[in-house]
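Understanding the architecture of this molecule
Here are the chains, one letter per residue:
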Amino acid sequence: MQTLKEAVEAAWEGKIALGHFNVSDSNQFNAVLAAAAAAGMPVLVGVSEGERKFFGMRNIAALVRAAREAGVQVYLNADHTYSLDGCKEVIDAGFDSVIFDGSHLPMEENIATARNVVEYARASGKGTLVEGEIGRIGTSSKLLEVPPEDMDKDLTTVEEAALFVRESGVDMLAPAVGTMHGRLIGGGEPKIDLVRIEAIRSAVGIPLVLHGGSGSSDADLATVGKLGCSIVHINTDIRIAYRKGIEASLAADAKEIAPYKFLAEGVTEVEKMTEKYIRLFAGM
Ligand code: G3H
Ligand code: ZN
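Here we summarise the structure given alongside this text. All figures in this text were calculated on a predicted structure; none of them were measured in a lab.

Our next topic: the nonpolar core. Counting 79 residues, the largest nonpolar core has F21, I60, F95, L173 and F281 as the members making the most contacts within it. Here the element with the most residues in this core is helix α2 (residues 26–39); it accounts for 7 residues. Ignoring sequence-local partners within four residues, the contact set of F95 consists of V47, R52, M57, I60, A61, L76, N77, A78, V90 and T128.

Structural data, given as structure tokens:
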């Protein structure tokens, strides 16, 4: 099976993006795998610090290992990890990639810690990819009243991206290009700066990762893979789909108490949402 590095390189060569979907439990995990199988595409599952605490870091690592042994092309990413120690922990646990998120730090500090994570990952010999993040994308995958403050003022410049990548040695970069984590309650699509993506990708020469995919237009999301974002992250829409499915189930039968029954509709909704995005990113 391809390593994550090889899978991402193949995505770049094919001018598509791979889907990265956040999960909090094994139901969502199974739904993502089923969607990837239906689309016939590799897939990344991601767990943030909160998600992996709830799921159990070793539980999800074991599920991914088992799926891979069964021939499923699934990769495990430690999403938004805010400390060097947190990054070391997931590298030791065998994750395929980790995002050191120092985007809230001064540039020098962000670079210095990202470089330490890269050194640790290389020394581990496990091939863990390290992603760095700069600019403002917001922090939580939730329903928002208003966009995160200053978001539009802090888009990543080509110069910042080139400096960060050169000095830190990261394998992948998440720049701020107009998306945000979460979705606006009142609607409204963030406009992705496609020109900026292309300029940054050609300046840094490594794969870019688009965060905050939920809420952007399908047309933009179908284009980013061609320009240099080889992975696209979706979380909020997965959470909404799961909850809506479960709510519909409980509304249909308020007395149902069997989790495998009232959760099933949530799983189906997550699967549908995930497959839609995988196909969109892959131009299918
Ligand atoms: O890392 C997670 C993603 O960037 C999620 O973004 O909640 O807007 O889909 P989203
Ligand atoms: Zn993100």
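Now that the structure has been shown, the text picks up again.
A rise of 1.5 Å per residue sets the reference length of helix α12 (residues 264–281), with its 18 residues, at 26 Å; its end C-alpha atoms lie 26 Å apart and thus fit the reference within 8%. G283 sits one or two positions beyond α12 and adopts a positive phi of about 65°.

Walk down a regular strand and you will see the side chains alternate between the two sheet faces. Counted residue by residue, strand β5 (residues 129–134) has 6 buried out of 6 residues, so it is predominantly covered. Burial along β5 is two-sided: the residues L129, E131 and E133 and V130, G132 and I134 are all buried. Relative to strand β7 (residues 172–175), β5 is paired through 4 bridges, and the arrangement is parallel. In the strand pairing of β7, I134 is matched with P175.

Another point: the packing of aromatic side chains. Enumeration over the complete set of coordinates arrives at 1 aromatic pair. Look at Y277 and F281: their rings are 5.6 Å apart centre to centre, the planes differ by 25°, and that puts the pair in the stacked class. Of this pair, Y277 and F281 both sit in helix α12, separated by 4 residues, roughly a single helical turn. Exposure remark for Y277: the relative accessible area of 1% places this residue in the buried category.

A word on the coordination of the zinc ion (ligand 2). Only H80 (NE2), H181 (NE2) and H211 (ND1) from the protein reach the zinc ion (ligand 2) as donors, at distances of 2.0 to 2.1 Å. One chain supplies every donor to the zinc ion (ligand 2), and in sequence these donors are spaced H-x100-H-x29-H. Of this pair, H80 sits in strand β3 (residues 74–81) while H181 sits in the loop between β7 and β8 (183–184); the two residues are 101 residues apart in sequence, bridging distant segments of the chain. For H181, a relative accessible area of 7% translates into the label buried.

Each value, and the rule that gives it
- Residues numbered from 1 in each chain as written.
- Chains lettered and ligands numbered in written order.
- Predicted model: local features only at pLDDT ≥ 70, side-chain atom pairs only at ≥ 80, totals over all residues.
- Heavy atoms only, no water.
- Core = buried A, V, L, I, M, F, W, Y, C linked by side-chain atoms within 4.5 Å.
- Buried < 20%, exposed > 50% of the residue type's maximum accessible area, 1.4 Å probe, protein only.
- Helix = DSSP H or I, 4+ residues; strand = E, 2+ residues; numbered from the N terminus.
- Contact = heavy atoms within 4.5 Å.
- Expected span 1.5 Å × (residues − 1).
- Pairing = 2+ DSSP bridges.
- Phe/Tyr/Trp six-rings, centres within 6.5 Å; stacked < 30°, edge-to-face > 60°.
- Donors = N, O, S within 2.8 Å, 3.2 Å for Na, K, Ca; no water.

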